[in-house]
Amino acid sequence: MPLETPSRVVQALTARGYNAEREAVTLITDADSPALALEAAIESTPESTLVLTTDHVRSVLAETPAADPKAVSTDGAETTAAPATADATTATAETVPETAETVPETAAPATGDPSVSTATAPGQSGDSTRTAPVETEGSSRVGSRTPNPPGIGNDVTGRSTGTGEYDEFVRVFRDRYDRLAGQLRGRVNHRPAEAIQEMPGGSEAELIGLVNDIRSTASGHWLIELEDTTGTFPCLVMKDRDIADLVDELLLDECIAVQGTLADDAGILFVDAIHFPDVPRTYRPSTADREVEAALISDVHVGSQEFMADAWHRFADWLHTEEAERVEYLLVAGDMVEGVGVYPNQDEELDVVDIYDQYERFAEYLKEVPGDMEIVMIPGNHDAVRLAEPQPGFDEELRDIMSAHDPQISGNPSMVDVEGVSILMYHGVSLDEVIAELPEEKASYDEPHRAMYQLLKKRHVAPQYGGHTRIAPEEKDYLVMDEVPDVFHTGHVHKLGWGKYHNVLAVNSGCWQAQTDFQKSVNIDPDAGFAPILELDTLDMTVRKFT
Ligand code: D5M
Ligand code: FE
Ligand code: ZN
């Protein structure tokens, strides 16, 4: 196998059981004969070594003139000993520009929000066409990455206590109510439902509750039943009021506050205002205090016949280039593999039929990513963990398989602190529901970030119980957003879209799987082979295309 690109070198190394530091891979790739350099590096490495270090490769190259570019250039005689030289260099140079193309404005499928930069400045893509530079002694070109291990919060992994008993559901909904009501409390002077039941007709009343039922009346008004820990109360939203629009946004089981006036017989509340827990408009996200970036991806779907291996190789190759030097973090928001038996007839499109083999294969692809990046992974609905949310992170056996690069593995959802930026990672199954229930302009597959805005507004990643999204009761409701995240990262719908909601950046990250037969049959046109790159110091985004 020719070793003309970093990912080929990484593949060759991993086939022999080694990981390598990024600069070590660069040195080997840029060597006159990458094959010789690789051999020399491996031969001189003790068997117990897992990671090939830059220092080691550098010293090997110094001792092995045939593999060392400097030695070759000063000693012409060696050139014949390394016939691959010219070809390898050219191939590297050609591979880089094709892969690292900045997505053109028109290809960016989403975001109308001007607050988010949709592409890098013109000319930067010209920049990316430069040849991968040859390492010279004393050059400071390759600054090894120095990521900090991300901190993980709100992770159910290892804390799942749910057995699915009825009283656990009662407890988790009470917890949801308590925490979301806590967020609303400052804005309304609410009374418990049972106290409102005792109030005289005509009184002003405010109530916080979970949406128990939404019905339209014979005359076209909306009857919303709210439930708190003391009981339920019916609330009427008149169809000709401005707030009637907000009823379109409501999902069952979400928490809202209402203000209004009791009817003369005190049996119903006429609603004047609806409040959502929401993100304050004045929210100021935190940013990193150095120039560092994160790649936000999801839905790799290794094991599917539609997995786009070539796009993945290009992405991994790009991560090895100087241009990607600042990309120190890789966040993967679920669906690492295609899984088995997730959807009817899925087996007809499987490339790898055994779930563990799928993870083995995924691990090989993951190894192409530079070893000096920090990786965070949460599961999705195709992964081999329980389907009900919150999903715990992968078990020991799967962690073992995916142990290269020592990734941080946590549950779905998880709050991840990357360089001081809090990133809420959630796979996104509830987005299907939000998109199905809400009007097109508020949430659609073409603009998945708008569906994410709704979840931010409700401060809950999967409000509706008993629908498409399966929810397991736990000691607390892990799906509530206690803290406002700085960035909200989801996947699942296989569409790329991003934008800012009250200064929170919402990113849905597309996929690495071409259109499946099912998706064709329902007209889902996936955005495959894109990597959103987030500048953690500015929260600006650039999308890179690898197809
Ligand atoms: O799902 C990717 C997207 O496609 C997500 O919006 C659900 C939808 N999808 C895909 N396959 C099916 C089937 N068979 N039924 C219903 N909806 C489907 P993902 O689960 O990430 O592959
Ligand atoms: Fe998926
Ligand atoms: Zn999914």
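Model, not experiment: these values are computed from the prediction.

Participant: Before we go on, may I ask you to explain the site of ligand 1 in this structure?
Facilitator: Near ligand 1 there are 13 residues, and of these Y343, N381, H382, D432 and F518 occur at the shortest range. The side chain of D432 places a nitrogen or oxygen atom 2.7 Å from an oxygen atom of ligand 1. The backbone of H492 places a nitrogen or oxygen atom 3.1 Å from an oxygen atom of ligand 1. Compared with its free state, where it exposes 460 Å², ligand 1 has 85% of that area covered by protein. A class-by-class count of the residues in the shell around ligand 1 yields five nonpolar, five polar and three charged.

Participant: Help me understand the coordination of the zinc ion (ligand 3), please; the structure alone is not making it clear to me.
Facilitator: Geometrically, a metal with four donors at the corners of a regular tetrahedron has ideal angles of 109.5 degrees, and one with six donors at the corners of a regular octahedron has ideal angles of 90 or 180 degrees. Around the zinc ion (ligand 3), the donor atoms from the protein are D335 (OD), N381 (OD1), H427 (NE2) and H492 (ND1), and they sit 2.1 to 2.3 Å away. Counting gaps between the donor residues of the zinc ion (ligand 3) yields the pattern D-x45-N-x45-H-x64-H. On the basis of relative accessible area, N381 is assigned to the buried category, the value being 11%.

Participant: I would appreciate a short explanation of the sheet that holds strand β14 (residues 414-418) in the present structure.
Facilitator: Think of a sheet as strands paired side by side through backbone hydrogen bonds, with each pair either parallel or antiparallel. Overall, mixed pairing links the six strands, which are arranged β4-β14-β15-β16-β18-β17 in an open sheet. Since the sheet does not close on itself, it has two edges, and those belong to β4 (151-153) and β17 (496-501), each with one partner. Each neighbouring strand pair of the sheet contributes to a mean axis angle of 20°, computed without reference to strand direction. Judged from the three bridges that link them, strand β15 (residues 421-425) and strand β16 (residues 487-490) form a sheet pairing that is parallel. The partner of I423 across the bridge, within β16, is V487. Along the sheet, helix α15 (residues 448-458) contacts β16, β17 and β18 (504-509); its crossing angle with β17, the most-contacted strand, is approximately 40°.

Participant: Any chance you could explain unusual backbone geometry here in plain terms?
Facilitator: In terms of backbone geometry, most residues other than glycine have negative phi values and most peptide bonds are trans. Each neighbour pair has its own omega, and for E389 with P390 the value is 5°, a cis peptide bond. You can see P390 is positioned in the loop between β12 (374-378) and α13 (396-401). Residue P413 is bonded to the preceding N412 through a cis peptide linkage, with omega at 5°. One can find P413 in the loop between β13 (408-409) and β14.

Participant: Would you mind going over the packing of aromatic side chains with me for this structure?
Facilitator: Aromatic ring pairs are defined here through the distance separating the ring centres and the angle between the ring planes. In the structure shown here, the tally under the stated rule is 12 aromatic pairs. Ring plane angle 75° and centroid distance 5.5 Å describe the contact between W312 and F315, whose orientation is recorded as edge-to-face. Remark: F315 and W312 occur in helix α11 (residues 309-319); sequence separation between them is three residues, near one turn of the helix. Both residues of the pair, W312 and F315, count as buried. Summarising the aromatic geometry, the rings of W312 and W512 are spaced 5.4 Å apart at their centres and angled 75° between planes, so their arrangement reads as edge-to-face. Here W512 lies in the loop between β18 and α16 (517-521) and W312 lies in helix α11, a separation of 200 residues in the sequence. For the residue pair W312 and W512, the accessibility class agrees, reading buried in each case. Taken together through their ring pairs, the aromatic side chains of W312, F315, W318, W512 and F546 make up a single cluster. One Lys or Arg, K457, reaches over the ring of F276 and ends 4.7 Å from the middle of that ring. Positioned above the aromatic ring of Y478, the side-chain terminus of K476 is 4.8 Å from the ring centre.

Participant: How do you make sense of the packing of helix α14 (residues 429-437) against α15 when you look at a structure like this?
Facilitator: Two measures define how a pair of helices packs: the angle their axes make with one another and the distance between the axes. Interhelical geometry of α14 versus α15 gives an angle of 100° and a closest axis separation of 9 Å. Here α14 lies roughly perpendicular to α15, going by the angle between them. Two secondary-structure elements touch here, α14 through S430, L431, V434 and I435 and α15 through A451, M452, Q454 and L455.

Participant: So what exactly am I meant to see when it comes to empty space enclosed by the protein here?
Facilitator: Using a probe with the size of a water molecule, rolled over the atoms, empty space left in the structure can be pinpointed. For the structure shown, the criterion picks out three cavities of 30 Å³ or more. Taken together, domain 2 (101-123 + 282-545) and domain 3 (170-275) each give at least three residues to the lining of the second largest cavity, which thus spans both.

Participant: Explain the pairing of β18 to me, please; I cannot follow it from the model alone.
Facilitator: Looking along a regular strand, one sees the side chains alternate between the two faces of the sheet. Among the six residues that make up β18, six are buried, leaving the element largely enclosed by the rest of the structure. Across the two faces of β18 the burial is the same, with V504, A506 and N508 and L505, V507 and S509 all buried. By the bridge criterion, four bridges tie β16 to β18 in an arrangement that is parallel. Among the inter-strand pairings, T490 is bridged to a residue of β18, identified as N508. If you look at the hairpin formed by β17 and β18, you'll find two residues sitting between the two strands, and H502 has a positive phi there, around 45°.

Participant: I'm lost on helix α12 (residues 355-367) in this one. Help?
Facilitator: Quick reminder: α-helices carry 3.6 residues per turn. Residues three or four places apart thus point the same way. Taking 1.5 Å of rise per residue, 13 residues should cover 18 Å, and α12 covers 19 Å from first to last C-alpha, within 8% of that figure. Taken as a whole, α12 has its buried residues at Q358, Y359, F362, A363, Y365, L366 and K367. For α12, the side-chain oxygen to backbone nitrogen distance between the N-cap and Y356 is 2.9 Å, and the N-cap itself is D354.

Participant: What is the right way to read the pattern of salt bridges from this model?
Facilitator: Oppositely charged side chains can form a pair if their charged atoms are brought close together. Tallied over the entire structure, the rule returns 19 salt bridges. Residue R176 is joined to D477 by a salt bridge in which the shortest nitrogen-to-oxygen separation is 2.8 Å. Pair noted here: R176 is in helix α8 (residues 166-184) and D477 is in the loop between α15 and β16, with a separation of 301 residues, a long-range link. We note that R176, like D477, is buried. Among the salt bridges present, the one from K495 reaches D446, with a minimum N-O distance of 3.9 Å. In this pair, K495 sits in the loop between β16 and β17 while D446 sits in the loop between α14 and α15, placing the two residues 49 residues apart along the sequence. Looking at K495, the relative accessible area reads 10%, which means it is buried. Residues joined by salt bridges that share partners form a network here, namely D175, R179 and D482.

Participant: Any chance you could explain the confidence of the model for the protein chain here in plain terms?
Facilitator: Close inspection of predicted coordinates is inappropriate for parts of the model with low pLDDT. Taken as a whole, the protein chain shows an average pLDDT of 85; of its residues, 84% reach a score of 70 or greater. Across residues 68-143, confidence stays below pLDDT 50; counting only partners more than four residues off in sequence or on other chains, it has 112 contacts.

Rules and cut-offs
- The residue numbers shown here count from 1 along each chain, following its written sequence.
- Throughout, the order in which chains and ligands are written sets their labels, letters from A for the former and numbers from 1 for the latter.
- At least 70 in pLDDT is required for a residue's local features to be given in this predicted model, at least 80 for side-chain atom pairs to be given and counted, and no such filter applies to totals for whole chains, interfaces and linings, which use all residues.
- The side-chain quantities take in all heavy atoms of the structure and omit both hydrogens and water.
- One heavy atom suffices: a residue is near a molecule or strand as soon as one of its heavy atoms comes within 4 Å of it.
- Two N or O atoms form a polar contact when they lie within 3.5 Å of each other; inside protein one atom must be a possible hydrogen donor and the other a possible acceptor, and for residues adjacent in sequence the pair counts only when both atoms belong to side chains.
- Using a 1.4 Å probe, accessible areas were evaluated by the Shrake-Rupley method; residue-level cover was limited to the displayed protein chains.
- Three categories are distinguished: nonpolar for Ala, Val, Leu, Ile, Met, Phe, Trp, Tyr, Cys and Pro, charged for Asp, Glu, Lys and Arg, and polar for the others, with Gly belonging to the last.
- Each metal site lists N, O and S donors within 2.8 Å (3.2 Å for Na, K and Ca). With water left out of the atoms, a site can look as if it is missing ligands.
- Burial classification: accessible surface area is computed with a 1.4 Å probe over protein chains only, and a residue below 20% of its type maximum counts as buried, one above 50% as exposed, and the rest as partly exposed.
- In this scheme, strands are said to pair when DSSP sees at least two bridges between them.
- Helical segments are the DSSP runs of H or I of at least four residues, strand segments are the runs of E of at least two, and each set is numbered from the N terminus.
- Inter-axis angles, ranging from 0 to 180 degrees, are taken between N-to-C directions of lines fitted to C-alpha atoms, where helices are fitted over the stretch in contact.
- The contact definition used throughout considers only heavy atoms, calling two residues in contact when any of these lie within 4.5 Å.
- Ring geometry is summarised as follows: Phe, Tyr and Trp rings, the Trp one being its six-membered ring, pair when their centres sit within 6.5 Å, and such pairs are stacked at plane angles under 30 degrees, edge-to-face over 60 and tilted between the two.
- Lysine NZ or arginine CZ positioned within 6 Å of the ring centre and within 35 degrees of the ring normal marks a charge as sitting over the ring.
- Any angle that falls under 35 degrees is termed roughly parallel, while one over 145 is termed roughly antiparallel, one within 65 to 115 roughly perpendicular, and all others oblique.
- A pocket here means an open set of points on a 1 Å grid, computed over the protein atoms alone, that has protein on both sides within 12 Å along at least five of seven lines. A cavity is instead a set of points where a 1.4 Å probe fits but cannot get out; residues with an atom within 4 Å of a point line either one.
- Grid points are joined across faces, edges and corners, and a volume is the space filled by probe spheres set on the points.
- Residue ranges assigned to each domain were obtained from an automatic or database domain assignment.
- Under the convention used throughout, the expected extent of a helix is 1.5 Å for every residue step, that is, one less than its residue count.
- Here a salt bridge means any side-chain nitrogen of Lys or Arg lying within 4 Å of a carboxyl oxygen belonging to Asp or Glu.
- Each residue gets a pLDDT score, which is the predictor's confidence in that residue and runs from 0 to 100.

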